[in-house]
Each structure stands twice: as structure tokens, then as C-alpha cells.
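# Structural description and commentary
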Amino acid sequence: MVAREHTFKQSVDLMFERAAATLDLPSGLADQIKANNNIYMVRFFVKCHGSYQIFTGWRSVHSEHRLPVKGGIRFAPTVNQDDVEALAALMTYKCAIVDVPFGGSKGGLCIDPREYDEEDLERITRRFAQELIKKGYINPALNVPAPDMGTSDREMAWIADTYRNMHPEDINAIACTTGKPFSQGGIQGRLEATGRGVFYGIKEFFNHPQDVKDAGLEGNLEGKRIIVQGLGNVGFHAAKFLEEESGARIIGIIERDGAILCEKGFSVEDVAAYRAERGLAKGFPGATYVADGKRILEEECDVLIPAAVEGQITLENARRVKAPVIAEAANGPIAFEADDVLRQAGKVIIPDAYLNAGGVTVSYFEWIKNLSHIRFGRLDRRLEAHRGVQIIDAIEEMVGKPVPDHLRSKLSYGADELDLVRSGLEDTMSTAYQTMREIRNSRDNVPDLRTAAFVIAIEKIAQAYIEMGL
Ligand code: GLU
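Calculation criteria
Residues numbered from 1 in each chain as written. Predicted model: local features only at pLDDT ≥ 70, side-chain atom pairs only at ≥ 80, totals over all residues. Heavy atoms only, no water. Helix = DSSP H or I, 4+ residues; strand = E, 2+ residues; numbered from the N terminus. Buried < 20%, exposed > 50% of the residue type's maximum accessible area, 1.4 Å probe, protein only. Polar contact = N/O pair within 3.5 Å; in protein donor to acceptor, adjacent residues only side chain to side chain. Pairing = 2+ DSSP bridges. Axes fitted to C-alpha atoms, helices over the stretch in contact; angles between N-to-C directions. 1 Å grid on protein atoms, 1.4 Å probe; cavity = no way out; pocket = protein on both sides within 12 Å on 5 of 7 lines; lining within 4 Å. Points joined across faces, edges and corners; volume = space filled by probe spheres on them. Nonpolar A, V, L, I, M, F, W, Y, C, P; charged D, E, K, R; others polar. Expected span 1.5 Å × (residues − 1). Near = heavy atom within 4 Å. Areas by Shrake-Rupley, 256 points an atom, 1.4 Å probe, with all protein chains shown as cover.

## Considering the side chain of Glu328
- Relative to the helices and strands, Glu328 is located in the loop between strand S11 (325–327) and helix H10 (336–344).
- Overall, Glu328 belongs to the buried group, its relative accessible area being 0%.
- Reaching out from Glu328, the side chain makes a polar contact with the backbone nitrogen of Ile334 at a distance of 3.4 Å.
- A polar atom in the side chain of Glu328 sits 2.8 Å from the backbone nitrogen of Asp352.

## Here we look at the sheet that holds strand S12 (residues 348–350)
- Taken together, seven strands build an open sheet; the order of strands is S9-S8-S7-S6-S10-S11-S12 and the sheet is mixed. Since the sheet does not close on itself, it has two edges, and those belong to strand S9 (288–290) and S12, each with one partner. Taken pair by pair, the neighbouring strands of this sheet meet at an average axis angle of 20 degrees, ignoring direction.
- Strand direction decides the pairing type here: strand S6 (residues 225–229) and strand S7 (residues 249–255), joined by five bridges, are parallel. Residue Val228 lies in a different strand from S7, and its bridge partner there is Ile253.

## Digging into the layout of surface pockets
- One number sums up the size of the second largest pocket: a volume of about 210 Å³.
- In this structure, the second largest pocket is lined by Asp211, Asp214, Arg343, Gly346, Lys347, Val348, Ile349, Arg440, Pro447, Asp448, Leu449 and Arg450.
- Going through the elements one at a time, helix H7 (209–214), S12 and helix H16 (449–468) are the ones with two or more residues in the lining of the second largest pocket.
- For the lining of the second largest pocket, the per-class residue count stands at four nonpolar, one polar and seven charged.

## Points about helix H5 (residues 153–166)
- Compared with the 20 Å implied by 1.5 Å per residue over 14 residues, the 20 Å span of H5 between its first and last C-alpha is a close match.
- For H5, the full list of buried residues reads Glu155, Met156, Ala157, Trp158, Ile159, Ala160, Thr162 and Tyr163.

## Considerations on the site of the ligand
- Near the ligand you find 14 residues, and of these Lys70, Lys94, Pro147, Asp148 and Ser363 are the closest.
- In this structure, an oxygen atom belonging to the ligand sits 2.8 Å away from a side-chain N or O atom of Lys94.
- Separating a nitrogen atom of the ligand from a backbone N or O atom of Pro147 is a distance of 2.9 Å.
- Starting from 300 Å² of accessible surface for the ligand in isolation, the protein chains cover 96%.
- For the shell around the ligand, the secondary-structure elements that each account for two or more residues are strand S3 (69–76), helix H3 (81–97), strand S5 (143–147) and helix H12 (358–372).
- Here the residues of the shell around the ligand sort into four nonpolar, five polar and five charged.

The following block contains the structure:
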């Protein structure tokens with residue numbers, strides 16, 4: 001592992017301070033916003049196959065200027081308190097940037113989930129959840145976890161069920177987690193949401209010719225050469241939508257076991273299916289394999305998408321990165337000092353706190369759905385479809401000709417939950433990008449998108465604190 005100059009939390013704090021320095025905030029307020037409010041560390045035992053095993057977990061609450069606080073729970077052997085606090089802080093900023101009315105939180109359990117079978121994992125997850133629920137660190141009104149690295153809809157269902165058993169009187173119990181399976185109160189489109197948000201964010205960047213030109217590129221996403229690091233949930237969906245919906249070419253995929261390259265572009269689905277079968281990217285037909293996968297972060301391409309873990313671009317490799325645009329799909333893939341090096345080299349960084357906010361955005365939709373106890377579109381879908389038919393009938397009557405079938409089916413369609421989620425997500429990602437670039441373009445002391453993103457977050461949170469009278 002490459003030595004990092006600062007811890008993850010210090011790196012996030014330094015980025016925050018750089019942005020806060022451009023603002024005229026009441027004394028002490030920036031420090032209050034930056035600090036993590038509290039963290040709960042828990043150790044517990046679970047009996048696995050006859051032996052007692054001890055586990056350590058954390059849930060950090062960064063800012064409670066809005067409630068509930070929100071953020072994933074990560075299961076990884078490398079999880080530590082500093083990372084959890086950094087990730088909780090990023091959640092606060094992320095929510096503020098995309099206008100999701102939550103504070104920030106994050107949880108982590110030090111475990112390698114691949115070493116346990118499903119039955120053990122369920123017991124461990126439920127036990128961890130009980131500990132957090134007892135202390136108010138999981139609650140639909142106060143603190144709402146979601147999936148993160150090493151967890152999925154399955155763990156969210158276990159946690160929600162644990163909460164419901166402990167609080168059967170809570171009519172909103174199901175809203176205590178998001179990212180649940182659909183049958184357990186989940187929402188359509190949550191699984192793909194972070195990756196889809198990354199896709200919408202990059203697409204929005206290419207909608208601004210001046211931004212594209214400033215990066216030394218031209219045109220739209222069609223044919224652009226893209227390298228993705230990490231084919232987990234976020235990287236897979238981002239790459240898949242870029243390939244299938246914008247015509248970009250995924251020319252490189254960096255995975256744990258090395259990287260694969262293919263100039264004409266991969267079918268992301270095929271690579272994922274191959275990996276699912278063999279557990280490796282190595283040997284994918286028609287691709288060049290590079291054992292030292294991380295070196296491919298330095299390969300020529302138009303857009304580099306680090307979608308794996310934090311601290312991937314550091315002082316050690318930043319100068320060798322050639323991509324003019326780096327789209328941070330992971331949380332914290334670029335360390336603070338590396339960020340400076342890249343910016344001085346004229347690279348455009350689409351920052352994590354904006355770009356991967358699609359997950360929490362759709363989590364917000366799921367939470368609202370759970371609180372309202374009705375699926376989106378249930379009341380108005382048919383009405384919308386009928387109205388479309390009435391418009392078609394009126395057009396046909398007026399012009400005396402039938403509306404062609406392909407238009408008829410589009411016009412007489414009522415939006416379902418997935419349509420509404422995607423529309424809300426696209427709108428959120430486009431609007432937030434436009435706000436970021438507006439701030440960058442209009443303020444002399446805000447030179448880049450990351451500083452602009454932090455400025456948006458700090459201003460919103462500061463205003464909430466000031467208006468609260470705190
Ligand atoms: N774990 C995701 C993130 O880092 C989602 C958080 C959420 O939906 O609460 O953004």
C-alpha cells in the first residue's frame with residue numbers, strides 16, 4: 001500500500017479548509033462544521049462454528065444540522081476509526097451539495113465478509129445492528145444506514161428487521177435503513193443509483209462545451225476513451241451506462257487481480273459475467289492483461305474513473321496520471337497533496353462529494369417512500385396514461401390522421417417508480433453540477449470544482465446553523 005501523507009480524515013479536512021478560507025464565516029463556525037460530532041465504538045462477541053469471535057465496529061455522526069443523519073455501513077478488514085470519520089464528513093458535504101436534507105454519518109465493521117458464510121454474516125450483522133440501535137445510532141428519525149463497501153441490500157434487510165423486532169410500535173420502522181430489497185420496502189433503481197449518478201454527472205460535464213475545452217477535449221461522450229478502477233457496484237454501473245447509453249469506450253478496467261485493456265472497448269456486462277464465473281479479470285478474451293493493475297491509472301485516456309477505494313492517487317503516482325479528466329466515483333480516491341499536483345497540471349477533477357452522491361439521493365427517495373407508505377406513481381400513473389390517450393384523441397380529431405404507433409405508446413405512458421427515480425436523480429445531478437460550475441466561474445478565489453462543491457456545502461450548513469440560532 002502506498003504511504004499517504006495525511007490520513008483520510010486529514011485529507012478531507014484540508015480540502016474543507018481550502019474552501020472555507022474563501023468564505024467570510026463567523027469565527028469558529030467552520031471548525032464546528034468540520035468536526036465530527038460523535039462516534040460510537042463497539043466490541044462484541046459472536047459464536048461462529050463453536051468459537052467466540054470478537055468484532056470491532058464504529059458509527060460516526062459528523063453533522064446533525066439536518067436529521068436523520070445518513071450514510072453507509074462498510075464491512076472491510078481495513079476499516080478504522082479515521083476512515084469512518086472521514087467518510088461521515090464526506091456524507092454531510094455530499095448531502096448538502098445535492099440538496100438532500102440529511103446530516104452525515106458512516107459506519108464500519110472490521111471484518112472480511114468473504115471469510116464468513118451467510119448464516120454467520122447474518123448473526124454478526126444483526127448483533128452489530130442491535131448494539132447500534134440500543135444507542136440510537138440506527139433509527140428512522142435519527143440515523144439511517146445504507147449499503148457501502150462489503151454490504152448490500154441483504155444486510156440492510158437484516159438490520160431493518162432487527163430494528164423492527166426491537167421497536168414493533170414504530171410505524172416507520174422500515175425507514176431505519178435504505179438500499180433494502182424491493183420486497184422489504186426498497187425502491188426501484190437504488191442498486192444502480194450511485195453508478196447511474198456518476199454517469200449523469202460525467203454526462204453533464206460533457207454538456208458544457210467550455211468545460212470540455214478547458215480540459216483539452218472536445219465533443220460529447222461518444223467514442224471517449226475511459227478507464228475504470230473497480231468493477232464493484234459503483235464502477236460496474238457507471239461503466240455499463242457510459243458504454244450502453246452514451247457510446248463511450250471502456251478501454252481499461254482495473255481490478256484487484258490486475259488490469260485488462262482493450263482499445264476497441266469492453267462490453268462491461270461480459271467482463272462482469274466473466275469475473276463472476278472465474279473470480280478474476282485475468283484472461284478475458286481479446287484483452288491485454290497487466291498484472292500491476294494500479295499502473296493503468298497512469299495510462300492515456302480521456303476520462304479516468306477511480307471507483308474502488310480511497311487513497312489511490314497520491315504524491316507517489318499523481319505526476320504520472322495522464323487523463324485530463326478524473327471522475328471520482330469512489331470516496332476519497334485522490335489524497336489532498338495529489339489533488340494539488342493534478343490541479344496544477346491542469347487536470348479537471350469531478351469531485352467525489354458531488355459525483356457519487358447518486359446513492360444517497362435515491363436513498364432519500366426510498367426514505368420518503370417508506371415514510372409515506374406508498375410507492376411512487378401508485379396514485380397518478382394511470383391518470384397520466386389516460387391523459388396521454390386524451391391528448392392523442394384530440395390531435396387525431398383535429399388533424400384527421402392517426403398518430404403513429406411509436407408516438408402513441410410514448411404519449412400514453414404513465415411514469416412508474418423507476419422512471420420517477422431516474423428522472424429525480426438526473427435532475428439532481430445536473431442541477432448540482434450547474435451550481436458548482438456557476439460558483440467556480442463566478443468567484444475568483446474558487447478555481448476548481450472540488451473547492452466549489454465544498455463552498456456549496458459549507459454555505460448551506462453554515463446557513464442552517466446560523467438560522468437555527470446556534
Ligand atoms: N454508501 C453510500 C455513499 O457513500 C450511500 C449512502 C446512503 O445512501 O446513505 O454515498
